[in-house]
Amino acid sequence: MNFGQALTEIRLRKKLSKVEFAEQLNISRVTLNKIESGEHLPPQKVIDTLKKKFEISPYTLVLLSLTDDEIEDIKLEIFKDTRSRLLNKIY
């Protein structure tokens, strides 16, 4: 998974510079560079901000970060997690 590439794609589609996107996420440009380069994973506050300001759910971020060869392996994991969450809401 590459969360950095997913964030880069989001930033480019929103037509934001790195400085603008970092400001929107309440992080420094240096931190954004480290996330986009894959050096760091996005902290929870970035994921929360993506959800609040850009309406991008954590699930969307995960799906955007998957590579083609990871899709088959991750499908079962996502299904199990989603099934578990649904069942927990019912019971």
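Look a little higher up for the structure.
In this report, the structure presented in the accompanying data block is examined.

## Side note on the overall build of the protein chain
Here's step 1: The helix and strand inventory of the protein chain stands at six helices and zero strands.
Here's step 2: Element order for the protein chain, N to C, with α for helix and β for strand: α-α-α-α-α-α.
Here's step 3: Across its three principal directions, the C-alpha atoms of the protein chain cover 45 × 30 × 20 Å.
Here's step 4: Looking at the protein chain as a whole, 29% of its 91 residues qualify as buried.
Here's step 5: Carbon together with sulfur atoms contributes 54% to the accessible area of the protein chain, which is approximately 6600 Å² in total.
Here's step 6: Across the protein chain, the centroid of the 16 positively charged side chains sits 7 Å from that of the 14 negatively charged ones.

## Some details on the environment of Ser37
Here's step 1: The residue Ser37 is located in the loop between α3 (29-36) and α4 (44-54) in this model.
Here's step 2: Assessed through its relative accessible area of 53%, Ser37 is described here as exposed.
Here's step 3: Along the backbone, Ser37 and Ser84 are 47 residues apart, and their C-alpha atoms lie at a distance of 33 Å.
Here's step 4: Within the local environment of Ser37, its side chain forms a polar contact with the backbone oxygen of Lys34, the two atoms lying 3.1 Å apart.
Here's step 5: One polar contact links the side chain of Ser37 to the main-chain amide nitrogen of Glu39, over a distance of 3.5 Å.

## Some words on the side chain of Ser65
Here's step 1: Among the secondary structure elements, Ser65 is positioned in helix α5 (residues 58-65).
Here's step 2: Of the polar contacts made by the side chain of Ser65, one reaches the backbone oxygen of Val62; its length is 2.7 Å.

## Looking at helix α1 (residues 3-13)
Here's step 1: Within α1, the full set of buried residues consists of Phe3, Gly4, Ala6, Leu7, Thr8, Ile10 and Arg11.
Here's step 2: The secondary structure elements touched by the buried residues of α1 are α2 (18-25), α3, α4 and α5.
Here's step 3: Immediately downstream of α1, the backbone of Lys15 shows phi near 60 degrees, a positive value.

## Thoughts on the pattern of salt bridges
Here's step 1: In the structure shown here, the tally under the stated rule is three salt bridges.
Here's step 2: In this structure, Glu9 engages Arg13 in a salt bridge whose closest nitrogen and oxygen atoms are separated by 2.5 Å. Taken together, the residues span about one helical turn, with Glu9 and Arg13 both in helix α1 at a distance of four residues.
Here's step 3: Residue classification places Arg13 among the exposed positions, given a relative accessible area of 66%.
Here's step 4: Glu36 is paired through a salt bridge with Arg11; the nearest N and O atoms lie 2.8 Å apart. Of this pair, Glu36 sits in helix α3 while Arg11 is found in helix α1, placing the two residues 25 residues apart along the sequence.
Here's step 5: Its relative accessible area of 11% is what places Glu36 among the buried residues.
Here's step 6: It is possible to trace a salt-bridge network through shared partners that takes in Arg11, Lys18 and Glu36.

What counts, and at which threshold
- Residues numbered from 1 in each chain as written.
- Predicted model: local features only at pLDDT ≥ 70, side-chain atom pairs only at ≥ 80, totals over all residues.
- Heavy atoms only, no water.
- Helix = DSSP H or I, 4+ residues; strand = E, 2+ residues; numbered from the N terminus.
- Buried < 20%, exposed > 50% of the residue type's maximum accessible area, 1.4 Å probe, protein only.
- Areas by Shrake-Rupley, 256 points an atom, 1.4 Å probe, with all protein chains shown as cover.
- Lys, Arg positive; Asp, Glu negative; His and termini not counted.
- Charge placed at Lys NZ, Arg CZ, Asp CG, Glu CD.
- Polar contact = N/O pair within 3.5 Å; in protein donor to acceptor, adjacent residues only side chain to side chain.
- Contact = heavy atoms within 4.5 Å.
- Salt bridge = Lys/Arg side-chain N within 4 Å of Asp/Glu carboxyl O.

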